[in-house]
Amino acid sequence: MNALPPKYPLRFLRWFCREEFLEEMEGDLVELFEMRYINSPKKAQRLFWWDVLRSFRLVNIRSLKLNNWTMNSLRNYIKIYFRRFRKETTHYLVNTLGLAMGFAVLFFILIYSYDEHHIDSIHEKSDRIYRVLETSESEGEINTYTITANPLAGGLKEEFPEIEETARMVYMGSGGLRYGENEFQDRNYVFAGVQLFNILDFEITKGNPYQDFDGMVGVTLNETCAKKLFGDENPIGKLVDLPGKVDGAEVIAVYKDLPANVTYQFNMVFVTHFDQVPMGYAQWFEDWNSRGATTWALFKENTSPESVMEKRQAFMDKYYTEEQQKEHAFSFQLITDMHLESSSLAQTGGEPLLSVQYANKDFVLIITLIGFLVITIASLNYINLSSVQALKRNLEAGIRKINGATMAQLRFQLFVETFMTLLIAYIIALVLLVLLHQPFLDLTQKQIPVAEFFNSELLSFHLMAFVAIWILSSLVPALYYSKLNKTLVIKKNAFSGKGDVLRKSFMVVQYGISLCLIIGSIMLYRQLNYVQSKDLGFVNEHLLTLDINSRAARDHANNIIHDLQMDANVMNASVSSRVPGEWKYMPTFNISLNKAENLIPTKHFVADQYWLDTYGMQLKAGKNFSGVPSADTLKIVVNEKAVQSMGLEDPIGKSIWITADSTYKMQIIGVVKDFHFTSLREPLMPMILTSPNNPLFPIDYFTIKSNGNTAEVLDLIETVQKRYDPETPAEINFLDERWERYYKADLNRSYLILVATIISIIISAFGLFGLINFTAERKTKEVGIRKVLGASTQSILQVVLKEYAILLLIALILAVPVAYLILNNWLAGYAYRVDLSVWVFGLGFILVVGISLITVISRVYRLAKSNPVNSLRYE
Amino acid sequence: MKEQSLGEFEELVLLMVAALHDEAYGVTILENLESKLNKKVNISAIHVALKRLENKGFVTSRFGGITSDRGGRRKKFYVITSIGKQALDAHYQVRTSIYQQIPNISFNS
């Protein structure tokens, strides 16, 4: 009847259980098993497993001191590790620190990349929230917008059962709130249907956004705005004004400030009854051929946009004429893809503000790649240094072998040692991660709590990196070490120079990567510097802009300009339709010499007679506007590019045709030097300027050039604005701040790359130093003999350095084409770019050579200068 | 000597050791406890309790003879010591004395 208990749990029990408890416990468990076996063998086996697991308690586990082979040798390996650490401190320090820095860089970059990929994923339903995009195709130009037809949200919900909820939101230029005396300007708002609260996550702290309210708009705002406007009062139920838009709107809810890692962090959401908007607007909101709303669609669970896309044509046929269909081909973008996949989308100016600017997917990829390159350099270091160390340990290996150690055991020893080094490096890296998290966040302009640095997904990346590096970088040294010939044991200090080729090729790869990174960083810097210091064609200093947000301001434009110019602190003031660095779209019209032939798309600005002076632009030929409205109406000033595109020899006095809604014939009175009002990523367009009194486009901004007394000028602008338009608060911006936004993302990226590059060079130098240190030790005797025979210090330096110089050259030859290809690709994205000249490669090379030389010479010089008597005695 | 503490489960095991005098080892204690308490008890809990009791000196143990049962493993029998008995008595006394202080309340209605 004796049924045998299952084998594995029993073995496990015998393995962990203390000797003195084993007999009793095993006996009891087996007896129970035998009793249960009679009733049900299956159950008995299961319960036996369970009992063994339950017995796996601390009190029962045998102590580690037991004389067990694995433990014993492990302990020996670790002891030897630390002894060697003490003996070869330089080697081990260099190794460990290099790896620690490599780990730290990799982990920081992983955090960056992780965060970039998780923007907007905080929304609970983020796997089924989509933003609706519309693609328009006209005259061969294809543009995709984040702004759709205004009634699309309603239509989608009605027609497609897959869609659970839709919402639209509309942005309408300047904004703000007023409550009694308190008021503030803030553009970070939207008008939206209340359904928005069903789709995105808002944490409501007071009130209820779904409640009924009187009028067109119910105000919800975040806690910061509520505090600003109401102080400690309870905002719910208070009536506030949206200056210039709505008077007496009720506050219905307050929500927690939206978190830093979502694209849209609205300060205010105005819940809108779109059916109650004033007459003119109501039509627009129902017009299928409009483009004004950001549309959200929440899909039901287990449905996907594909099925909707299949049925799209029927929908299009129902709502659009064939002609309009080309303008409104909609598609869906998952909310979590918004951040990385929107940088090439077109803008109309009607987009709500982005709190987190879109990022370029390629860049995130590149920086991740750099992280892996840096850790690769560090690992190659480790492999090289440990290999040569392993070769030195023939005495130890010999004795171990003679005592009966197998190859596998020797290899295992090296795996243990690598593990120790990696573990120490990892711990240092974690400390660095915590210590340096603030500078890192400042550098990348991110807000990530430290706890998020160690979330489970990132930790699993750590683990993967750790294990991969452990195994890969243990292999080579372990192989060397285990293959050492035991006969060498009798020859103390003998050295077999095995694996030189492998080691040298590793070094070439390392230096190749470093070179690529250095060359890349130099180019990045030159390009960004070029973009920032390029002559933009206008002077971007002490310029302030004042938005024209009301009829009153627009009508009194001349008076406002006059009053501003009267002040001593104001150097100049002018009015225009657009200003540099503003994200609003630039209107494009077509110009031609003959009414309808050879149409040339041209950017259009409205500008008064002071405009060129205010911006410090220069007329190349002809004259400026006169300032007399009737005389200026049909006159234009063009830029050089426009003259060029039309092929005019003598432009002044010529008449050209301008096609907007209708066609006008206008006379060129002046040519202005080219100026850049948009990012230098975009090519320069032909431009025409018309006076404020023109049939094409209204004015939208004042620009004020101050003498530097910013505070006084700000006061002045507000006073003047109040004088002519007491209703609307002044919305003032500094131009250079706005302009900077074009390049801010680029700048932050370049810092990140720069830091990674510097560290990669340091790690490479560490590796080189380690190798040189080793070579120096090995060559002590050789150098001694050479010196005795009369070699000079210089010739000895030469002997050692030649070897490394050749390696560096090979690295350069390999790195140049790679760097060239990548950089060329990147620069192609800029319309204005620096040349990829030879000297950049030269400089990169010289930098690497310089750093290596310093490293090498600092060690070798000591060797070359040493007294041969000492070195020849070196045994 | 410092008064040794006695946990609730330990007390139950100690009682059972005393009750099963000379027949008490893991499996019998387990079976009897399960039938008295009317619930499942895990053997490892009893092993732990027994070890603690032995360390406190409340029980002593000896190995039985080898039999063909239990895969040839010896049983380990436990017997209560005089200190163990004293501890049980003390516990019992405390409980009874408090119990007797309960006023005569009727819970019947």
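Each chain has its residues counted from 1, following the order in which its sequence is written. Starting at A for chains and at 1 for ligands, labels are handed out in the order in which the entities are written. Predicted model: local features are reported for residues with pLDDT of at least 70 only, side-chain atom pairs are reported and counted for 80 or more only, and whole-chain, interface and lining totals are derived from all residues.

Re the overall build of chain A
Phase 1 of the analysis: Each helix and strand counted, chain A has 29 helices and 24 strands in total.
Phase 2 of the analysis: Here chain A has a C-alpha radius of gyration of 37 Å; the compact-globule value for 875 residues is 29 Å, and the former is much larger.
Phase 3 of the analysis: Counting only C-alpha atoms, chain A reaches 105 × 95 × 55 Å along its principal axes.
Phase 4 of the analysis: By residue count, 38% of the 875 residues in chain A fall in the buried class.
Phase 5 of the analysis: Contact between two residues is assigned whenever their backbone-derived C-beta positions fall within 7 Å. A fraction of 83% describes how many contacts in chain A between residues 6 or more apart in sequence connect residues 24 or more apart. Only DSSP runs of H or I reaching four residues or more are called helices, and only runs of E reaching two or more are called strands; each is numbered from the N terminus. We compute the radius of gyration from the C-alpha atoms alone; for a globule the expected value is 2.2 Å times N to the 0.38, where N is the number of residues. Exposure classes come from backbone-placed C-beta atoms, where a residue is buried if 20 or more other C-beta atoms lie within 10 Å of its own, exposed if 12 or fewer do, and partly exposed in between.

Quick word on the overall build of chain B
Phase 1 of the analysis: Of the regular secondary structure elements, chain B holds 4 helices and 2 strands.
Phase 2 of the analysis: What you see in chain B, going N to C, is helices and strands ordered as α-α-α-β-β-α.
Phase 3 of the analysis: For chain B, the spread of C-alpha atoms along the principal axes amounts to about 60 × 40 × 20 Å.
Phase 4 of the analysis: Across the 109 residues that make up chain B, the buried fraction comes to 28%.
Phase 5 of the analysis: Long-range contacts, defined as pairs at least 24 residues apart, comprise 49% of the intrachain contacts of chain B with a sequence gap of at least 6.

Structural notes on the sheet that holds strand S24 (residues 732-734) of chain A
Residues and elements named next belong to chain A.
Phase 1 of the analysis: With respect to topology, 4 strands assemble into an open sheet ordered S15-S23-S14-S24, the strand pairing being antiparallel. Taken across any chain shown, the strands that pair with only one partner, and hence form the sheet edges, are strand S15 (570-576) and S24. Recorded for the sheet is a direction-independent mean angle of 25° between the axes of neighbouring strands.
Phase 2 of the analysis: Strands pair, by our definition, only if DSSP identifies at least two bridges between them. Judged from the 5 bridges that link them, strand S14 (residues 543-547) and strand S23 (residues 701-706) form a sheet pairing that is antiparallel. Pairing of Leu543 across the sheet is with Lys705, part of S23. What counts as an axis is a line fitted to C-alpha atoms, over the stretch in contact for a helix, and the angles between N-to-C directions run from 0 to 180 degrees.

Quick look at helix H2 (residues 19-39) of chain A
Phase 1 of the analysis: Each helix should span, by expectation, one fewer than its residue count multiplied by 1.5 Å. Taking 1.5 Å as the rise per residue, H2(A) with 21 residues should run 30 Å; its terminal C-alpha atoms sit 31 Å apart, in good agreement.
Phase 2 of the analysis: For H2(A), the set of buried residues is A:Glu24, A:Met25, A:Glu26, A:Gly27, A:Asp28, A:Leu29, A:Val30, A:Glu31, A:Leu32, A:Phe33, A:Glu34 and A:Tyr37.
Phase 3 of the analysis: Those residues of H2(A) that are buried are in contact with helix H1 (7-16) and helix H3 (41-55) of chain A together with helix H2 (26-37), helix H3 (43-56) and strand S2 (76-80) of chain B.

A closer look at unusual backbone geometry
Negative phi values dominate among residues other than glycine, just as trans dominates among peptide bonds.
Phase 1 of the analysis: Positive phi values are uncommon outside glycine, yet A:Asn302 reaches one of about 65°.
Phase 2 of the analysis: Note on placement: A:Asn302 falls in the loop between strand S12 (293-299) and helix H10 (305-310).
Phase 3 of the analysis: Taking the number of C-beta atoms within 10 Å as the measure of exposure, A:Asn302 has 7 and is therefore exposed.
Phase 4 of the analysis: Even without glycine at this site, B:Asp22 takes up a positive phi of about 70°.
Phase 5 of the analysis: Looking at the element boundaries, B:Asp22 is found in the loop between helix H1 (8-19) and H2.
Phase 6 of the analysis: Here B:Asp22 falls in the exposed class, since 10 other C-beta atoms lie within 10 Å of it.

Some remarks on the environment of A:Val671
Residues and elements named next belong to chain A.
Phase 1 of the analysis: Position of Val671 relative to the elements: it lies in strand S21 (residues 663-672).
Phase 2 of the analysis: For the pair formed by Val671 and Arg86, sequence separation is 585 residues and the distance between their alpha carbons is 77 Å.
Phase 3 of the analysis: Setting aside its immediate chain neighbours within four residues, Val671 contacts Leu619, Lys620, Ala621, Gly622, Val638, Glu640, Val643 and Pro651.

Some details on helix H21 (residues 557-566) of chain A
Residue and element names in this part refer to chain A.
Phase 1 of the analysis: Listing the buried residues of H21 in full gives Ile560, Ile561 and Leu564. One face of H21 carries all of its buried residues, which in axial projection span an arc of 100°. Structural note: H21 exposes His562 and Met566 on the side pointing more than 90 degrees away from its buried face.
Phase 2 of the analysis: Contacts made by the buried residues of H21 are with helix H20 (551-555), S15, S23 and helix H25 (710-724). Think of the arc as the fan of directions from the helix axis to the C-beta atoms.

Here we look at the environment of B:Glu54
Residues and elements named next belong to chain B.
Phase 1 of the analysis: With respect to the element layout, Glu54 can be found in helix H3.
Phase 2 of the analysis: In this structure the C-alpha to C-alpha distance between Glu54 and Thr81, which are 27 residues apart in sequence, comes to 9.5 Å.
Phase 3 of the analysis: Apart from the residues within four sequence positions on either side, Glu54 is in contact with Val59 and Ser61.

Some remarks on the environment of A:Leu599
Phase 1 of the analysis: Its location among the elements puts A:Leu599 in the loop between strand S16 (588-592) and strand S17 (600-606).
Phase 2 of the analysis: A count of 15 C-beta atoms within 10 Å places A:Leu599 in the partly exposed class.

As for the packing of helix H27 (residues 793-827) of chain A against helix H28 (residues 838-865) of chain A
Residues and elements named next belong to chain A.
Phase 1 of the analysis: Relative to each other, H27 and H28 sit at 155°, their axes nearing to 10 Å. In this view, H27 runs roughly antiparallel relative to H28, as classed from their interaxial angle. As for how H27 packs across H28, the hand of that crossing is right-handed. On H28, the residues touching Thr793, Ile796, Leu797, Val800, Leu801, Tyr804, Leu808, Leu812 and Val816 of H27 are Phe841, Phe845, Val848, Val849, Ser852, Val856, Val860, Tyr861, Ala864 and Lys865. Every angle not falling under 35 degrees, over 145, or within 65 to 115 is termed oblique; those three ranges are roughly parallel, roughly antiparallel and roughly perpendicular. By definition, any crossing whose near helix is turned counterclockwise from its far helix by less than a right angle is left-handed, and any crossing with a clockwise turn is right-handed.

Looking at the interface of chain A and chain B
Phase 1 of the analysis: Of the residues lining the interface, 15 residues belong to chain A; the matching set on chain B comes to 15 residues.
Phase 2 of the analysis: A per-element tally of the side of chain A that touches chain B places H2(A) first, with 10 residues.
Phase 3 of the analysis: A per-class count over the side of chain A that touches chain B returns 5 nonpolar, 2 polar and 8 charged. Amino acids outside the nonpolar list (Ala, Val, Leu, Ile, Met, Phe, Trp, Tyr, Cys, Pro) and the charged list (Asp, Glu, Lys, Arg) are all regarded as polar, and Gly is one of them.

Quick look at the confidence of the model for chain B
All names here are of chain B.
Phase 1 of the analysis: Per-residue confidence for chain B averages 86 on the pLDDT scale, and 94% of its residues sit at or above 70.
Phase 2 of the analysis: On a scale of 0 to 100, pLDDT captures the predictor's confidence in every residue. Mean pLDDT values over the elements of chain B span from 89, in strand S1 (residues 59-63), up to 91, in S2.
Phase 3 of the analysis: For this predicted complex, the interface score ipTM comes out at 0.86, alongside a pTM of 0.71.

A look at the nonpolar core
Residues and elements named next belong to chain A.
Phase 1 of the analysis: Membership of the largest hydrophobic core comes to 83 residues, with the highest contact counts inside it found for Phe103, Val105, Val374, Leu515 and Ile519.
Phase 2 of the analysis: Listing elements by their share of this core, those giving two or more residues are helix H5 (89-117), helix H13 (361-392), helix H15 (407-435), helix H18 (456-483), helix H19 (500-533), helix H26 (735-788), H27 and H28.
Phase 3 of the analysis: By residue number, the principal contributor to this core is H26, which donates 14 residues.
Phase 4 of the analysis: Where each domain starts and ends follows an automatic or database-derived domain assignment. Counting contributing residues, this core receives three or more from each of domain 2 (72-117 + 359-498) and domain 4 (500-536 + 737-875).
Phase 5 of the analysis: Residue contacts for Ile519: discarding those within four places in its chain leaves Ala819, Val840, Phe841 and Gly844. Linking buried Ala, Val, Leu, Ile, Met, Phe, Trp, Tyr and Cys residues through C-beta atoms within 7 Å yields a set, and such a set is a nonpolar core.

Digging into the pairing of S23(A)
Residue and element names in this part refer to chain A.
Phase 1 of the analysis: Most of S23 sits inside the fold, with 5 of its 6 residues counted as buried.
Phase 2 of the analysis: Here S15 pairs with S23 via 6 bridges, running antiparallel. Directly across from Val570, in S23, lies its bridge partner Ser706.

Description of the domain arrangement of chain A
Residue and element names in this part refer to chain A.
Phase 1 of the analysis: In terms of domain boundaries, chain A breaks down into domain 1 (7-60), domain 2 (72-117 + 359-498), domain 3 (129-339), domain 4 (500-536 + 737-875) and domain 5 (543-736).
Phase 2 of the analysis: Computed over C-alpha atoms only, the centres of domain 2 and domain 4 are separated by 22 Å.
Phase 3 of the analysis: Facing 34 residues of domain 2, the contacting portion of domain 4 comprises 30 residues.
Phase 4 of the analysis: It is H13 that contributes the most residues to the side of domain 2 that touches domain 4, 16 residues altogether.
Phase 5 of the analysis: A breakdown of the residues in the side of domain 2 that touches domain 4 according to their chemical character gives 20 nonpolar, 14 polar and no charged.

A closer look at the packing of H1(B) against helix H4 (residues 82-101) of chain B
Residue and element names in this part refer to chain B.
Phase 1 of the analysis: With their axes 11 Å apart at the nearest point, H1 and H4 run at an angle of 120° to one another. Taken as axis vectors, H1 and H4 run oblique relative to one another. As H1 runs across H4, the sense of the crossing is left-handed. Between H1 and H4, the residues in contact are Glu11, Leu14, Leu15 and Ala18 and Gly84, Leu88 and His91, respectively.
Phase 2 of the analysis: Split into classes, the residues belonging to the contact of H1 with H4 amount to 4 nonpolar, 2 polar and 1 charged.

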